[in-house]
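# Tertiary structure, described
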Amino acid sequence: MIILGELVTLKENKDFRRLYSRGRSYSSSVLVTYVMKNRTRNVRIGITTSKKIGKAVMRNRSRRIIREAYFQLADEIKPGYDLVFVARGKTPFVKSTDILRAMRKELKEAGVLK
């Protein structure tokens, strides 16, 4: 687990597997979001991009635009949740505003937004 300013990131494979198996998932054409309550007062996030997305440049772009969309929503998210965002095939080809719209819709559906 790495803390970057206010951002607490999930790095351990066991944390990702726990969210995939026990968390709730919400999906759109550009993003899949897994949500689960945690026992801390932090919001911890993880971002996953598989090789299906493309080569390293595409995967890095996907992570970058997902991270940017998260930062724009960070103040609206209730504390005490683990979130994993999974990039989909369309993700590297859309703007961060499209990712933001999808992320907001999924997090609202999950009841994580204030």
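In this report, we go over the structure that sits alongside the text. Just so you know, these numbers come straight off a predicted model, no measurement behind them. (Residues numbered from 1 in each chain as written. Predicted model: local features only at pLDDT ≥ 70, side-chain atom pairs only at ≥ 80, totals over all residues. Heavy atoms only, no water.)

## Quick notes on the packing of aromatic side chains
- Applying the stated criterion to the full structure yields 4 aromatic pairs.
- Look at F16 and Y20: their rings are 6.5 Å apart centre to centre, the planes differ by 45 degrees, and that puts the pair in the tilted class. One end of the pair is F16 and the other is Y20, both in helix α1 (residues 13-22) and 4 residues apart, which spans about a single turn.
- By relative accessible area, which is 11% here, F16 ends up buried. (Phe/Tyr/Trp six-rings, centres within 6.5 Å; stacked < 30°, edge-to-face > 60°. Helix = DSSP H or I, 4+ residues; strand = E, 2+ residues; numbered from the N terminus. Buried < 20%, exposed > 50% of the residue type's maximum accessible area, 1.4 Å probe, protein only.)

## Focus on the pairing of strand β4 (residues 31-37)
- The buried count for β4 comes to 6 of 7 residues, which makes it a mostly enclosed element.
- With 4 bridges connecting them, strand β3 (residues 24-27) and β4 associate as antiparallel partners. Across the sheet, the residue bridging to S27 is V32, located in β4.
- If you look at the hairpin formed by β3 and β4, you'll find 3 residues sitting between the two strands.
- Of the strand pairs in this sheet, β4 and strand β6 (residues 81-87) are connected by 7 bridges, and their pairing is antiparallel. Among the inter-strand pairings, V32 is bridged to a residue of β6, identified as V86. (Pairing = 2+ DSSP bridges.)

## Re the side chain of T33
- Along the chain, the position of T33 falls in strand β4.
- Look at T33 and you get buried, because its relative accessible area is 0%.
- Side chain to side chain, T33 and E106 meet in a polar contact 2.3 Å long. (Polar contact = N/O pair within 3.5 Å; in protein donor to acceptor, adjacent residues only side chain to side chain.)

## Thoughts on the environment of E106
- Within the element layout of this structure, E106 appears in helix α3 (residues 96-110).
- The exposure class assigned to E106 is buried, which follows from its relative accessible area of 1%.
- With 80 residues separating them in the primary sequence, E106 and Y26 have C-alpha atoms 5.7 Å apart.
- Not counting residues within four places of it along the chain, the set of residues in contact with E106 comprises Y26, S27, S28, L31, V32 and T33. (Contact = heavy atoms within 4.5 Å.)

## Looking at the nonpolar core
- By size, the foremost hydrophobic cluster in this structure holds 28 residues, and its most contacted members are Y70, L83, F85, I99, M103 and L107.
- Per element, the largest residue contribution to this core is 6 residues, and it comes from α3.
- Discounting chain neighbours no more than four positions away, the residues touching Y70 are L7, V43, I45, I77, L83, F85 and M103.
- Grouped together as the second largest cluster of nonpolar side chains are 8 residues, L19, V32, M36 and V86 included. (Core = buried A, V, L, I, M, F, W, Y, C linked by side-chain atoms within 4.5 Å.)

The quantities given are spatial measurements derived from coordinates; they are silent on function.
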